[in-house]
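The primary structure of each chain is shown beneath.
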Amino acid sequence: MESTRKQLIELLEKQEGYISGQQLSDSLQISRTAVWKHMNELKKDGYEIEAVQRKGYKIVSYPDKISTNTLQWGLDTKWMGQNLYHYDQVESTQQIVHEMAKQGMPHGTVVVADEQVRGKGRMARNWHSPKGKGIWMSILLRPNLPPIQAPQLTLMAATVLAKMISEESDLKPQIKWPNDLLVHHKKVSGILTEMQAEHDQIQYVVLGIGMNVNQDLSEIQQEISHKASSLKIESGSHWSIPKTIQSILRQFEITYDQYVKEGFQQVKKEWERYGYKIGEEVTISTMKKTWEATLIGIEPDGALKARDRSGNEEKLYSAEIHWGEGGYHA
Ligand code: BT5
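Residues numbered from 1 in each chain as written. Predicted model: local features only at pLDDT ≥ 70, side-chain atom pairs only at ≥ 80, totals over all residues. Heavy atoms only, no water.

**Regarding the sheet that holds strand E3 (residues 84-90)**
Here is step 1: If you walk across this open sheet you meet the seven strands as E3-E4-E5-E9-E8-E7-E6, and the pairing is mixed. Both outer strands of the open sheet, E3 and strand E6 (174-176), are each paired with one neighbouring strand and no more. Here the average twist between neighbouring strands, direction ignored, is 20°.
Here is step 2: Pairing geometry for strand E7 (residues 180-183) and strand E8 (residues 186-198), over four bridges, is antiparallel. Residue pairing across strands places Leu 181 opposite Ser 189, the latter belonging to E8.
Here is step 3: Contacting E3, strand E4 (110-116), strand E5 (134-141) and strand E9 (201-212), helix H8 (residues 241-262) crosses the sheet at an angle of about 30° to E5. (Pairing = 2+ DSSP bridges. Helix = DSSP H or I, 4+ residues; strand = E, 2+ residues; numbered from the N terminus. Axes fitted to C-alpha atoms, helices over the stretch in contact; angles between N-to-C directions. Contact = heavy atoms within 4.5 Å.)

**So, the sheet that holds strand E12 (residues 304-308)**
Sheet strands pair by backbone hydrogen bonding; their relative direction is either parallel or antiparallel.
Here is step 1: Reading across the sheet, the five strands line up as E13-E12-E11-E10-E14 and stay open at both edges, with antiparallel pairing between neighbours. The open sheet has two free edges, formed respectively by strand E13 (313-316) and strand E14 (320-322), since each of these has just one partner strand. Taken pair by pair, the neighbouring strands of this sheet meet at an average axis angle of 45°, ignoring direction.
Here is step 2: Judged from the three bridges that link them, strand E10 (residues 281-285) and E14 form a sheet pairing that is antiparallel. In the strand pairing of E14, Ser 285 is matched with Glu 320.

**Observations regarding the pattern of salt bridges**
Here is step 1: By the definition in use, this model includes 19 salt bridges.
Here is step 2: Measuring nitrogen to oxygen at the nearest pair gives 2.8 Å for the salt bridge that ties Asp 180 to Lys 187.
Here is step 3: Looking at Asp 180, the relative accessible area reads 6%, which means it is buried.
Here is step 4: Classification of Lys 187 by relative accessible area gives buried; the value is 17%.
Here is step 5: Where Glu 314 meets Lys 289, a salt bridge forms, and the shortest distance between an N and an O atom there is 3.5 Å. Taken together, the residues span a long stretch of sequence, with Glu 314 in strand E13 and Lys 289 in the loop between E10 and strand E11 (290-298) at a distance of 25 residues.
Here is step 6: By sharing partners, the salt bridges in this structure join Glu 299, Lys 305, Arg 307 and Glu 313 into a single network. (Salt bridge = Lys/Arg side-chain N within 4 Å of Asp/Glu carboxyl O. Buried < 20%, exposed > 50% of the residue type's maximum accessible area, 1.4 Å probe, protein only.)

**Description of helix H3 (residues 32-44)**
Here is step 1: Helix length check: H3 (13 residues) gives 19 Å between terminal C-alpha atoms against 18 Å at 1.5 Å per residue, within 8%.
Here is step 2: All buried positions along H3 are accounted for by Val 35, His 38, Met 39 and Leu 42. For H3, the arc enclosing every buried residue in end-on projection is 105°, short of the 170-degree limit, so these residues lie on one face. In H3, the exposed positions angled more than 90 degrees off the buried face are occupied by Lys 37 and Lys 44.
Here is step 3: Gly 46 lies just past H3 and shows a positive phi near 105°. (Expected span 1.5 Å × (residues − 1). Arc of directions from axis to C-beta.)

**Re the nonpolar core**
When a protein is soluble and globular, its nonpolar side chains tend to lie buried together.
Here is step 1: In terms of nonpolar packing, the biggest core is built from 64 residues, with Met 137, Phe 252 and Ile 284 touching the most fellow members.
Here is step 2: Among the elements that make up this core, the one with the highest residue count is helix H6 (residues 150-168) (eleven residues).
Here is step 3: Mapped onto the domain boundaries, this core takes at least three residues apiece from domain 2 (68-274) and domain 3 (281-322).
Here is step 4: Setting aside anything within four residues of it in sequence, one finds Phe 252 in contact with Met 80, Ile 139, Leu 141, Met 156, Ala 157, Val 160 and Leu 207.
Here is step 5: Formed by 14 residues, the second largest nonpolar core is a distinct cluster that contains Val 35, Met 39, Leu 42 and Ile 59. (Core = buried A, V, L, I, M, F, W, Y, C linked by side-chain atoms within 4.5 Å. Domains from an automatic or database assignment.)

**Quick look at the site of the ligand**
Here is step 1: Taken together, 28 residues surround the ligand, and among them Ser 92, Lys 120, Arg 125, Lys 187 and Asn 212 come closest.
Here is step 2: Here an oxygen atom of the ligand and a side-chain polar atom of Lys 227 are 2.8 Å apart.
Here is step 3: Bound to the protein, the ligand loses 94% of the 790 Å² it would expose on its own.
Here is step 4: Given that more than half its atoms are within 2 Å of the pocket grid, the ligand belongs to the largest pocket.
Here is step 5: Those elements that provide at least two residues to the shell around the ligand are helix H5 (93-102), E5, E8 and E9.
Here is step 6: Partitioning the shell around the ligand into residue classes produces eight nonpolar, 14 polar and six charged. (Near = heavy atom within 4 Å. Polar contact = N/O pair within 3.5 Å; in protein donor to acceptor, adjacent residues only side chain to side chain. Areas by Shrake-Rupley, 256 points an atom, 1.4 Å probe, with all protein chains shown as cover. 1 Å grid on protein atoms, 1.4 Å probe; cavity = no way out; pocket = protein on both sides within 12 Å on 5 of 7 lines; lining within 4 Å. Sits in = over half its atoms within 2 Å of the grid points. Nonpolar A, V, L, I, M, F, W, Y, C, P; charged D, E, K, R; others polar.)

Here is the structure:
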């Protein structure tokens, strides 16, 4: 039953324009009455479906409500999110996926929550995750990589998010090293990568994605409103959260598989294409000094490469970068 409905959504999605009841009934090997019944079930789940005589059916809009069903139906991935859990409220999706990893859950397991009451950023910082307004999701990865390459996964995930935003809208996302997704200089998304490693081999990675989607200006916490925004604020329109999650999962699978097959080079290229202030001059401070440098790109170990005014190149692992006008400090 459920897999028929999943196939049905896939057929509706693939079709540009209408698909006839007969075509659906042939492809799914069910009666036309059964097709009609499934359509009614989809409507109950929040899909808006247009039915036109002699033409057939078309999805007009996707449900806003997140559920395991609305996330999995129409998700045409091979491994990403095929094992997926949705919760109304959690402390942090990271913590749940760590537990699942220890229980042996597979590569590509995904946990999504409507709300996190203790969302985590890097270095024990907080991540605001208000109910129903964004994507609060963690992905379990079991890459066959040495721990030293783990930063590449964060960089790769950032390119996935940037690509998804560019494909789904007219926005021009940028990636601010190492892990922030910016639109119009403001942070709309952050990535948190946590790893368990042993004997020079990654056991598993929990890759958390937080994305502000449908907050209005007044719903961005005051203390971050100068530097944070949402896709809705920046694009001026509402985004379907389930559909956006699916786009991320789809894009993630494609990019990850390519990365495993071909290595870091393509990720580097994509990252630098979206890189914030790449090719521009910024001020950098470390414990020892402060200097002006042009950002050049990223390195396979995750470092940011910069060139000072005398032409010396330096790799930065942790430095305070003064991003200048419109930006904010790392
Ligand atoms: C990050 O940390 O940007 C990583 C965020 C990862 C969140 C996801 S949600 C799903 C999964 N479950 C979790 O518990 N976490 C992951 P960092 O670069 O340290 O940025 C944190 C800083 O961003 C905070 O100190 C605030 O200044 C700011 N911030 C907090 N909430 C924000 C939000 N919703 N939007 C934009 N900025 C925010």
